[in-house]
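Understanding the architecture of this molecule
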Amino acid sequence: MNTPVNIMSNSWYIKVFELHNLLNSDQPTAGDIYEETEKVILDANIPANFKFLKENGLYLLDDNDTIYIYVKKGCDPVLLNELFGVESFEELEQSPYFPEGLETTLFYKVNNIIDALRKLKNSSYQSVRVVLENGPMEIFMTTLLYENSDDKDHYPLFLHNIY
């Protein structure tokens, strides 16, 4: 098999990125393009565990086959408007799809992150799916994320610490 380790590892342990912090800084953040190298800045990923998800969070999950945008019910309406062009979580429930062509800062940054993750896969195209908390597709989150565990030998947390 000629698949690079960094790509194979996503199949065993997905990457989870926080998106809800991308508008809170005057400094370059994930999704911005680093001027010197013209490459997209990617934040460190968080552990793929439900206990690390905030109630008001907005997340991008990469499992090597699909990119998921996971929206928690308490997500700030400003973020929902910036990323999806909707005013509320309830409005997003009516049409939970990733839009095209919004001209907002968050949409630009998230698209840059998605493009960078796709480029890392060497021409593998990943679809983007929107998953809402308590929505019909949330079942996918239970297969991708791990439940709370106090076990110090929890394998995904071990992988996160060495990855």
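A brief look at the structure comes next.

1. Notes on the side chain of glutamine 126
Within the element layout of this structure, glutamine 126 appears in the loop between α4 (105-120) and β6 (127-132). Given a relative accessible area of 0%, glutamine 126 falls into the buried group. Of the polar contacts made by the side chain of glutamine 126, one reaches the side chain of aspartate 62; its length is 2.8 Å. For glutamine 126, the contacting residues outside a window of four places in its chain are Asp62, Asn64, Asp65, Thr66, Ile67, Leu117, Arg118 and Lys121.

2. Details of the packing of aromatic side chains
Throughout the structure, instances matching the rule amount to two aromatic pairs. Arranged with centres 6.4 Å apart and planes meeting at 90 degrees, the rings of phenylalanine 84 and phenylalanine 98 form a pair that is edge-to-face. Linking phenylalanine 84 in helix α2 (residues 77-84) with phenylalanine 98 in the loop between α3 (89-94) and α4, this pair joins segments that are 14 residues apart in sequence. A relative accessible area of 7% places phenylalanine 84 in the buried class. When the centroid spacing of 5.5 Å and the interplanar angle of 20 degrees are considered together, the rings of phenylalanine 98 and phenylalanine 107 count as stacked. Each member of the pair, phenylalanine 98 as well as phenylalanine 107, is classed as buried. Three or more aromatic residues joined by ring pairs form one cluster here, namely Phe84, Phe98 and Phe107.

Criteria and thresholds
- Residues numbered from 1 in each chain as written.
- Predicted model: local features only at pLDDT ≥ 70, side-chain atom pairs only at ≥ 80, totals over all residues.
- Heavy atoms only, no water.
- Helix = DSSP H or I, 4+ residues; strand = E, 2+ residues; numbered from the N terminus.
- Buried < 20%, exposed > 50% of the residue type's maximum accessible area, 1.4 Å probe, protein only.
- Polar contact = N/O pair within 3.5 Å; in protein donor to acceptor, adjacent residues only side chain to side chain.
- Contact = heavy atoms within 4.5 Å.
- Phe/Tyr/Trp six-rings, centres within 6.5 Å; stacked < 30°, edge-to-face > 60°.

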